[in-house]
Every structure is written in structure tokens, then in C-alpha cells.
Amino acid sequence: MENKIDEAPKKSLNFIEAFVEQDLKDGKNGGRIQTRFPPEPNGYLHIGHAKAICLDFGVAKNYGGICNLRFDDTNPVKEDVEYVDSIQEDIKWLGYNWANVYYASDYFQQLWDLAIELIKKGKAYVDEQSAETIAKQKGSPTVPGVESPYRNRPIEENLELFRKMNTGEIAEGAMVLRAKIDMASSNMHFRDPLMYRVINSHPHHRTGWTWKAYPMYDYAHGQSDYFEGVTHSLCTLEFEVHRPLYDWFIDQFKDSDYRPRQIEFNRLNLTYTVMSKRKMLQLVQEGLVSGWDDPRMPTICGLRRRGYSPESIHNFIDKIGYTKFEAQNDIGLLEHSVRESLNKTATRVNAVIDPVKLIITNYPEGKVEMMETINNPEDETAGKREIAFTRELYVERDDFMEDAPKKYFRMTPGQEVRLKSAYIIKCTGCKKDENGKVEEVYAEFDDQTKSGMPEANRKVKGTLHWVSATHCLDAEVRLYDRLFSVENPSADERDFRELLNPGSLKVLSNCKVETSLGNAKALDQFQFQRIGYFNVDSDSAPSKLIFNRTVSLKDSWAKEKEK
RNA sequence: UGUCUCAUGGUGUAAUGGUAGCACUGCAGUUUCUGGAUCUGCCUGUUAAGGUUCGAGUCCUUAUGAGACAACCA
């Protein structure tokens, strides 16, 4: 037995964990591990952020370090407290606790002081050219830039102008502070990058009108990492080109052996989804979805409302891994992850989403039998409950066919099926309206086949779910599907809004569910037997039950039908 | 016609110079009071060409393809 444990396969490290372990082995930073999750509070978190969160918090946890939450709030034009709250809620929901909450705005004074130091060293200057001129002078990746005429302004003058940038004496857009590096560098970010710009049209959500000059990302981010003692600054691939500049700024100011290390990994791309904040915002603003938490959105709040468990998201992220390859991840894997998670935890209930009446013609009128049924066959501790059985029931319209193919295991005249947790019945026929639509299905039950009786062990091909027509509740069921109809909306030439899946939401208003669902609370997760996983929508009320389909069950009959 | 990064089945990801493995998907079967779940089996892969080496997915060279970078955004 002990040998078995030794033989357990070691989980292989991703390249970031390998770097971290090597740094630890090399004794860097005194063996300390510290990461940070640095969202800009300008939007809701999505599953791509969840990937970063799992890494930032996960690395800290696995290597005995800490992870801080830091809001990168250096642009008051776009940022808002509204987002600060939702971001914290979403991180907690994912199951993580930060050691501290910081704000880049906490460092405005320190950053200011360092900028002055840089000016005094002759390594930064105030440029008063227009944004367009500066852009033009940057050149292009293949053409070197040209130096600003203000590049060699005297230090005293730079100090004076920089001070004025922050007093309101300088108009927004009129001046910037730039680091003096190399206008001919092959790395565009080295061509005298902007460090500060003037913003006096918007108050900052935390510092109000105190500051008029705000630091730019490349300067603020790296220094914030440094101030906090971050050892591993993990970010996505598009910041790869920024790393030399990140290092450059740190080199200007560092005063010990300690330095944070930036490592980049691939961002999450999901098929049939868009992940850009801009596009999501457009979907919300144009009413193409009901809001940031629309269950079709890849936002954390959307997934939560859809019925995804935190565990399902962790499992998914675990499976896709972290590399430097720009992958397209199959949304099918996310769906698999949620089925895997909910299979173990969701109570099985009976819900008929497209009901047709089934009458057991030889069952006494008015009789009510309470049938015992198991809550979750995957979890012995989940217990049992009772459901009412009566002469008139509802079953799925799909579960009856007058002329059925050979492999149809459900109700068709002459065929026996089992009603789950109740009796075996034999279908005898149906009644149709003038259009040929089935109005009622008829069957006879065998009183020796009640679940638990010896005769109940008789082999029958199909087992159907049902609810009593007299002991059930009405419900609305929202069937959600993938938001887009093409695999990669971002790669399509057409406008992404034309690519929306018209069938991404179907509302069924005439569903019948078992009475036990009457006291279900918002977000409670269930498996509607034979249909899928559903949860209680946040708009649901006892007087109007609303369920969202998280994901359907795998359906091998649907595949068989297609053949 | 720059710099940087990347390339393993349909998709994603391992193999850290020594038997190309895992997961998802797909297919076939087993089993089942959910056509779910379970269990079993199968299909499919190292971008190309050279080189180093006893031995290369891994190291080197070149080619090809893909991505990132020219916001007073982060």
C-alpha cells in the first residue's frame, strides 16, 4: 500500500511554477514568494481573469507566499468604485483570500517623488508637443523615431513644468512627462515612453481632485510591484514587449538585491465566445444581452448566475494549463467541467419542460401514493425524499411517439417503460386534436412493479421522469446555449453582433416541476433528471419560479436520432 | 520588409537528451430504475529541411506558419 503512494504520478509543473521553484532553489528574494492580482476597476471580471486569479493566488498558496489584490487605478477617466466591489465579490466567490487590498493610487506620492528623482538625473523631461506629434515622432517598428525638441530642456525647467502639470495650471493634453531612453530602439516602448499625463476633467474615485498628473501603466505598475515586494509579477503575453521597460524602471530605483520578476502566460480564448471588455460592454449597452450577469456572458457573475460552481471553473482552468502558446480553448471542455462538478453535488429532481398529460387509465382516481426517490445516486449522504404519484401525470412530449423507430425506448403503443421511482406502465394510445397534435397519452400500470417490489426488476428499456398533474408547480425555464454561432467570432470578418446565436436563449413558460422545488433559493443547483443541470435564477420568486439551464446532460439519443 | 514570442492528434496539455503520455471530442462496447453517471477498448500527433549526439519533440542552423509591439489605455 505504501508503495502505491510512491507510485502516484507527480503532477507536472507548468513553466511558471518551474521558474518559481528555480528561483526558490537559487535563494532569490530570501525564499519569499509574493504575487498580486492587479485588475483595473473599469469592468467586470470574466473567465479570462479567473485564469489569472487562479495562477496568482494559486502560486502564492502552493509556495507558502501571499497574494495581494491591487487595483490598478491610474486612469480616473475609466474607473469606478462600482467595479471595485464586484471584483472583490467575484474573487471571493472563486474561493480566494488576498493578504491585503492595495491601490496603485496609494502610491501616487511615492511615484511622484521618484519621477522627480528621475528628472533630476536627467532621465526624464516634460514634452509639450501634441499627442499627434509625439505619435508621429515615434516612428514605426521598422523606422526609428526622432527626438523631441524638448528632450534636452534644462532640469530646473522640467521640475517647474512637472510641478505645474499637477496644479491645474497646465491644460489636459498640453504636456506629458517622458522618460529619456532611446528614440531609435527596436522596442517601441523604449522610444521615450510617457510616464505622466494631465487629467483634470475627472476626479479620481479615491483621491478626488488631489492629483492632476497621473502616472502611466508602465511606470506605475512595475514600481507598485516593487513597493509591495512582489517577487513574481504574472501577466498575459501581450506584456512581453513591456518587460524590458518594466525592468528598466526598476533598475532606475532599486536599492537592494530584491527585484520583482515579470513572467507572461497565454490568455484564455474560448470558442463561441468573445472575451474583450469592449465587445462585452457593447453587448450590454445595446441590449443584446440582459446585463453583465446575463447567464450567456463569460463574466464571473454571468457564469455564477448560469449555475457554474467555483469548482467547475477551477477544474476547467486546471485542465487548460498555462503556456506561451496562444490557444483556442474548446468551450466543450468548460461544459464538461461543470457537468463533472454538478454530477457529484446536484440533487436530482423531476421537471417536465415540455409537458403532455399522461393518464394511467387503470389507476384509481383520487389516489395519491408517496414514492420514495433518491436525491443523488452519486452521493450516498444526499438522502431520499418523497414525491406524489397520481392517476394523471405530466411527461415530456418527446417521450411519446405514435410511430416510433426500433431504437426508441420510450412510450409508443404496446411498449413498456418504467416511470422512475414508481411503476412500470404499458402505453395504450393517445388522443389528438384536429391538427394531429397529441393532447393526452394513455397507459396502464402494473401494480406488482412498484419500485422495490420483486417484479420491478423486470427489464424495460426506458425510464421516464414525470410529475403528478395535481401535485406540481408551474415554472419558467430558460434554456441557454452558446452566445455565438461561430467558433471564433474574433477571427470573423463580419461584425461580431451578426454572429450571435439566435437560439442562445429559449424561454419555456409552461413547465411543470415537482413540489419540492417550491422552496428552492436563488442559485440553488439541480439536475432535472434526463434533461440537464439547472439553477434557480436570481429573479425567481415563490410565486414565479424561474430556472436557468446551466448545461444539458449528454444526450446519446439526440446523436442516435441524427443518424 | 524591424524586434520579441510561439509551433506535439480535431482541441488543449505533458514528456526537463533515453518507450510520445493525459484530458476533452469522436467512434465502438459494458453497465444502469436518468439514452446521465460508471467501466473498457479504438481512431488520430512531434510544421519542414539540415546539423550535433550512441540516442533529438527536446540542443544548433535555416525555412515556413502564427501572434505581440507604433493609446496622453491597462
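The paragraphs below set out a description of the structure included in this document.

Thresholds, definitions, all that
Residues numbered from 1 in each chain as written. Chains lettered and ligands numbered in written order. Predicted model: local features only at pLDDT ≥ 70, side-chain atom pairs only at ≥ 80, totals over all residues. Heavy atoms only, no water. Buried < 20%, exposed > 50% of the residue type's maximum accessible area, 1.4 Å probe, protein only. Helix = DSSP H or I, 4+ residues; strand = E, 2+ residues; numbered from the N terminus. Pairing = 2+ DSSP bridges. Right-handed = clockwise from strand over helix to strand, strands pointing away. 1 Å grid on protein atoms, 1.4 Å probe; cavity = no way out; pocket = protein on both sides within 12 Å on 5 of 7 lines; lining within 4 Å. Points joined across faces, edges and corners; volume = space filled by probe spheres on them. Nonpolar A, V, L, I, M, F, W, Y, C, P; charged D, E, K, R; others polar. Contact = heavy atoms within 4.5 Å. Axes fitted to C-alpha atoms, helices over the stretch in contact; angles between N-to-C directions. Near = heavy atom within 4 Å. Polar contact = N/O pair within 3.5 Å; in protein donor to acceptor, adjacent residues only side chain to side chain. Expected span 1.5 Å × (residues − 1).

### A word on the pairing of strand S8 (residues 232-236)
With 5 of its 5 residues buried, S8 lies for the most part within the structure. Of the two faces of S8, the one holding His232, Leu234 and Thr236 and the one holding Ser233 and Cys235 are both buried throughout. When S8 meets strand S9 (residues 261-265), the two strands line up parallel, connected through 5 bridges. Looking at the pairing, serine 233 lines up with glutamine 262 of S9. In terms of handedness, the path from S8 via helix H9 (residues 243-253) over to S9 forms a crossover that is right-handed.

### Describing empty space enclosed by the protein
Under the criterion given, the structure shown has 1 cavity of 30 Å³ or more. If you add up the space inside the largest cavity, you get close to 180 Å³. Every residue lining the largest cavity is counted, 17 residues in all, and those nearest its centre are Thr273, Arg296, Leu303, Arg306 and Ile331. In terms of residue count, helix H13 (residues 331-345) provides more of the lining of the largest cavity than any other element does, 3 residues in total. Residue composition of the lining of the largest cavity, grouped by class: 11 nonpolar, 1 polar and 5 charged.

### A short note on the sheet that holds strand S11 (residues 351-352)
A sheet is described by the order of its strands in space; here 7 strands give the open sequence S10-S23-S24-S25-S21-S22-S11, paired in mixed fashion. Two strands lie at the open edges of the sheet, namely strand S10 (347-349) and S11, each paired on one side alone. The sheet contact formed by S11 and strand S22 (residues 505-514) spans 2 bridges and is antiparallel. Paired with valine 352 across the strands is lysine 512, a residue of S22. Its contacts with the sheet place H13 against S10, strand S23 (525-528), strand S24 (532-536) and strand S25 (545-552), and it is angled at close to 120° to S25.

### Structural notes on the protein's contact with RNA strand B
In the region of RNA strand B, 68 residues are neighbours, and Glu326, Arg348, Ser451, Gln527 and Arg530 sit closest. Counting only the atoms of RNA strand B within 4 Å of the protein, the fraction contributed by sugar and phosphate is 65%. Note that a phosphate oxygen of RNA strand B is positioned 2.7 Å from one of the side-chain N or O atoms of threonine 74. Backbone polar atom of glycine 173 to a base nitrogen of RNA strand B: 2.8 Å apart, as the coordinates give it. Counting residues per element, the ones that place at least two in the surface near RNA strand B are helix H6 (131-137), strand S6 (194-198), helix H12 (310-320), H13 and helix H14 (556-562). Taken together, the residues that form the surface near RNA strand B break down as 20 nonpolar, 25 polar and 23 charged.

### Regarding the layout of surface pockets
What the largest pocket holds in volume is close to 1,300 Å³. Together, 41 residues line the largest pocket, and Arg530, Ile531, Leu553, Asp555 and Ala558 are the ones closest to its centre. Where the lining of the largest pocket is concerned, the elements lending two or more residues are H13, strand S19 (462-464), strand S21 (472-480), S22, S25 and H14. In terms of residues, the lining of the largest pocket owes the most to one element, H14, which gives 5 residues. Residue composition of the lining of the largest pocket, grouped by class: 15 nonpolar, 7 polar and 19 charged. When its volume is computed, the second largest pocket comes out at roughly 910 Å³.

### Points about helix H8 (residues 217-228)
Here H8 spans 16 Å end to end across 12 residues, near enough to the 16 Å set by a 1.5 Å rise per residue. Of all the 12 residues making up H8, 10 are buried; the element is thus mostly covered by neighbouring parts of the structure. Positive backbone phi, approximately 90°, marks glycine 229, located one or two places after H8.

### Some words on the environment of arginine 497
Relative to the helices and strands, arginine 497 is located in the loop between S21 and S22. Distance from arginine 497 to glutamate 17, taken between C-alpha atoms, is 39 Å for residues 480 residues apart in sequence. In terms of polar contacts, arginine 497 uses its side chain to reach the side chain of aspartate 495, at 2.8 Å.

### Observations regarding the side chain of histidine 46
When you line up the elements, histidine 46 lands in the loop between strand S1 (34-37) and helix H3 (47-62). Note on histidine 46: relative accessible area 6%, which makes it buried. Polar contacts involving the side chain of histidine 46 include one to the main-chain amide nitrogen of glycine 48, which spans 2.9 Å. Histidine 46 has contacts with Met275, Met280, Pro298, Thr299 and Ile300, leaving out every residue within four places of it along the chain.

### Describing the sheet that holds S6
Across the sheet, 4 strands lie side by side as S4-S5-S6-S7; this open sheet has antiparallel pairing. Edge positions in the sheet fall to strand S4 (124-127) and strand S7 (213-215), since each has one partner strand and no second. Across the sheet, the mean angle from the axis of one strand to that of its neighbour is 25°, orientation sign disregarded. In the sheet, S6 pairs with S7 via 3 bridges, with the strands oriented antiparallel. In the sheet register, valine 198 faces S7, and the bridge partner there is alanine 213. Here helix H7 (residues 155-165) sits on the sheet in contact with S4, strand S5 (176-179), S6 and S7, set at roughly 60° to S4.

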